[in-house]
Amino acid sequence: MKPLKPAEILDVTIETGKAKASGSFGKLFVLGILAGAFIAFAAEGSNMAAFNLLASPDTYGLGKCLAGSIFGTGLMLVVLAGGELFTGNTLIMAAVADKKVTFARMLRNWIIVYAGNMVGSLLIAYMINASGQLDSSAGLLGGMTIKIAAGKCGLSFLKAFVLGIMCNWLVCLAVWLSFGADTMSGKILGIFFPIWLFITSGFEHSVANMYYIPAGIIAKSNELYVTMSGLSAEALAGLNVQNFLIANLLPVTLGNIVGGAGFVALAYFYAYKKA
């Protein structure tokens, strides 16, 4: 079997959307938990790989590049091992546009999967803190975990929204390319490069932030990590549950929807079905 052409990928995307929209609550929720955990593993692993580089302005770009090379593993696990990821599921919009799925069924999928992603991400955030992993390099990893989380909570609504658009544009292109590949290695390569680009660029992913920010909030209870973060009292005060949900997760989620549903699903639907 040859790799699919873009118009054929659209057909696969629509059929996949139909299947996802018809999933039972239990199936979607469990697979959502797994996907949230997979993305959280990718997030904590990328932090572990790059935290020393990220700590210095002179090597920050290299740190982002290294983190990006690790992070794609999360989406590979979701696509190849099995999982339901909210950001990727914004592609169901193509099936809605083709009238194969109702808007209500798409929203049902998004809500169930989003909740499952949150549970999986929070589980890993708790386990990483409980494991003592953040003690690495005399607590510098814990400090960087706090600093990354605080930075995300300090974004303006507009910046978080736009960063969310660009993020899921690339994430859904990664999923799109994986649909077009006919081998596991092809799917891995199709996922790797767009995800590497999104992390290196510093864009905002709602499900990844379900790990990054809660991990920082939990780590803030450790005085060593707080000291190693080098943040002011004001910045630390801004790292809280309210800012996680309202200042970051809300605009990033909305941006992710626009990026995936708009710039990938609807754009390709218009190009290959309507134009």
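All residue numbers refer to position in the chain's written sequence, counted from 1. Confidence filtering applies because this is a predicted model: local features only for residues at pLDDT of at least 70, side-chain atom pairs given and counted only at 80 or more, and all residues used for totals across whole chains, interfaces and linings. Side-chain measures were taken over the full set of non-hydrogen atoms in the model, leaving aside hydrogen atoms and water.

Visitor: Would you take a moment to explain the overall build of the protein for this structure?
Guide: Check the secondary structure of the protein and you find 13 helices and 0 strands. A run of H or I in DSSP counts as a helix once it spans at least four residues, and a run of E counts as a strand once it spans at least two, with each numbered from the N terminus. Tracing the protein from N to C terminus, the helices and strands come up as α-α-α-α-α-α-α-α-α-α-α-α-α. Once the C-alpha set of the protein is aligned to its principal axes, its extents read approximately 55 × 35 × 30 Å. A buried classification covers 49% of the 275 residues belonging to the protein. The buried label applies to any residue whose accessible area, calculated with a 1.4 Å probe on protein chains only, is under 20% of its type's maximum; exposed applies above 50%, and partly exposed to all values in between.

Visitor: Which parts of the structure should I look at to understand empty space enclosed by the protein?
Guide: To find leftover empty space, one rolls a probe the size of a water molecule over the atoms. Definitions used for this entry: grid spacing 1 Å over protein atoms alone; cavity, a set of points where a 1.4 Å probe fits but cannot get out; pocket, an open set with protein on both sides within 12 Å along at least 5 of 7 lines; lining residue, one with an atom within 4 Å of a point. Grid points are joined across faces, edges and corners, and a volume is the space filled by probe spheres set on the points. Scanning the model with the defined rule gives 1 cavity of 30 Å³ or more in all. Its boundaries defined by the atoms lining it, the largest cavity holds a volume of some 40 Å³. Along the walls of the largest cavity sit Ile-39, Phe-71, Leu-75, Leu-85, Val-171, Ile-195, Phe-198 and His-205, which together make up its complete lining. Put simply, the parts of the chain that give the lining of the largest cavity at least two residues each are α3 (60-81) and α9 (184-201). Note on residue categories: nonpolar means Ala, Val, Leu, Ile, Met, Phe, Trp, Tyr, Cys or Pro, charged means Asp, Glu, Lys or Arg, and polar means any other residue, Gly included. Among the residues making up the lining of the largest cavity, the classes are represented as 7 nonpolar, 1 polar and no charged.

Visitor: What am I meant to see in the side chain of Glu-204 here?
Guide: Looking at where Glu-204 falls in the secondary structure, it is placed in the loop between α9 and α10 (206-219). A relative accessible area of 5% means that Glu-204 is categorised as buried. Of note is the side chain of Glu-204, whose polar atom sits 3.0 Å from the side chain of Lys-152. A distance of 2.7 Å separates the side chain of Glu-204 from the side chain of Asn-209, its partner in a polar contact. Two N or O atoms form a polar contact when they lie within 3.5 Å of each other; inside protein one atom must be a possible hydrogen donor and the other a possible acceptor, and for residues adjacent in sequence the pair counts only when both atoms belong to side chains.

Visitor: Explanation requested: unusual backbone geometry in the structure shown.
Guide: Phi at Ser-137 is positive, roughly 55°, even though this residue is not glycine. Of the residues examined, Ser-137 reaches a relative accessible area of 39% and is grouped as partly exposed. Look at Ala-138: it is not a glycine, yet its phi comes out positive at around 55°. On the accessibility criterion, Ala-138 (55% relative accessible area) is exposed.

Visitor: Any chance you could explain a nonpolar patch on the surface here in plain terms?
Guide: Residues enter a patch when their relative accessible area is above 30% and they make no salt bridge; the linking distance is 9 Å between like charges and 5 Å between nonpolar side chains (Val, Leu, Ile, Met, Phe, Trp, Tyr). Only the protein chains shown count as cover for residues, and all accessible areas are computed by the Shrake-Rupley method using a 1.4 Å probe. Whenever Lys or Arg places a side-chain nitrogen within 4 Å of a carboxyl oxygen from Asp or Glu, that contact is recorded as a salt bridge. On the surface, a cluster of nonpolar side chains totalling about 520 Å² of accessible area is made up of Phe-157, Val-241, Leu-245, Ile-246, Leu-250 and Leu-254. The element best represented in the nonpolar patch is helix α13 (residues 241-274), accounting for 5 residues. Take Phe-157: it is sitting in helix α8 (residues 157-180).

Visitor: What exactly am I supposed to notice about the pattern of salt bridges here?
Guide: When charged atoms on two side chains of opposite charge get close, those side chains can pair. One pass over the full model with this rule turns up 5 salt bridges. Among the ionic pairs, Asp-11 bridges to Lys-273, the shortest N-O distance being 3.3 Å. Residue Asp-11 is located in helix α1 (residues 6-21), and its partner Lys-273 is located in helix α13; the two are separated by 262 residues in the primary sequence. Take Asp-11: its relative accessible area is 37%, and that puts it in the partly exposed class. Here Lys-273 falls in the partly exposed class, since its relative accessible area comes to 37%.

Visitor: Can you help me understand α10 in this one?
Guide: Owing to its 3.6 residues per turn, the α-helix aligns residues three or four sequence positions apart on the same side. One less than the residue count of a helix, multiplied by 1.5 Å, gives the span that helix is expected to have. Its 14 residues place the ends of α10 20 Å apart at the C-alpha level, agreeing with the 20 Å of an ideal helix rising 1.5 Å per residue. Taking burial as the measure, the 14 residues of α10 include 12 buried ones, the bulk of the element. Three or more residues of α10 are buried, namely Ser-206, Val-207, Ala-208, Asn-209, Met-210, Tyr-211, Tyr-212, Ile-213, Pro-214, Ala-215, Gly-216 and Ala-219.

Visitor: Would you take a moment to explain the environment of Leu-123 for this structure?
Guide: Tracing the chain through its elements places Leu-123 in helix α6 (residues 103-131). Residue classification places Leu-123 among the partly exposed positions, given a relative accessible area of 43%. Considered as a pair, Leu-123 and Gly-36 are 87 residues apart in the sequence and their alpha carbons are 8.9 Å apart.

Visitor: Quick question: what am I supposed to make of the packing of helix α2 (residues 25-54) against helix α7 (residues 136-153) here?
Guide: The axes of two packed helices give the description: the angle between them and the distance between them. Between N-to-C directions, angles cover 0 to 180 degrees, with each direction set by a line fitted to C-alpha atoms, over the stretch in contact for helices. Contact pair α2 / α7: the axes reach a minimum separation of 9 Å and the direction vectors enclose 90°. The angle between the axes of α2 and α7 places the two elements in the roughly perpendicular class. On the side of α2, the interface is formed by Asn-47, Met-48, Phe-51, Asn-52 and Leu-54, while α7 contributes Ser-136, Ser-137, Leu-140, Leu-141, Met-144, Thr-145 and Ile-148. Its residues placed into classes, the contact of α2 with α7 shows 7 nonpolar, 5 polar and no charged. Each angle is binned into one of four classes, with values under 35 degrees roughly parallel, values over 145 roughly antiparallel, values of 65 to 115 roughly perpendicular, and all other values oblique. In this description, contact between two residues means that some pair of their heavy atoms is separated by no more than 4.5 Å.

Visitor: What's the story with the environment of Phe-263 in this structure? I'm lost.
Guide: Looking at the element boundaries, Phe-263 is found in helix α13. Judged by relative accessible area, Phe-263 falls into the partly exposed class, the value being 37%. Residues Phe-263 and Ile-39, 224 residues apart in the sequence, show an inter-C-alpha distance of 22 Å. Discounting residues that sit within four places of it in the chain, Phe-263 has contacts with Ile-165, Trp-169 and Val-258.

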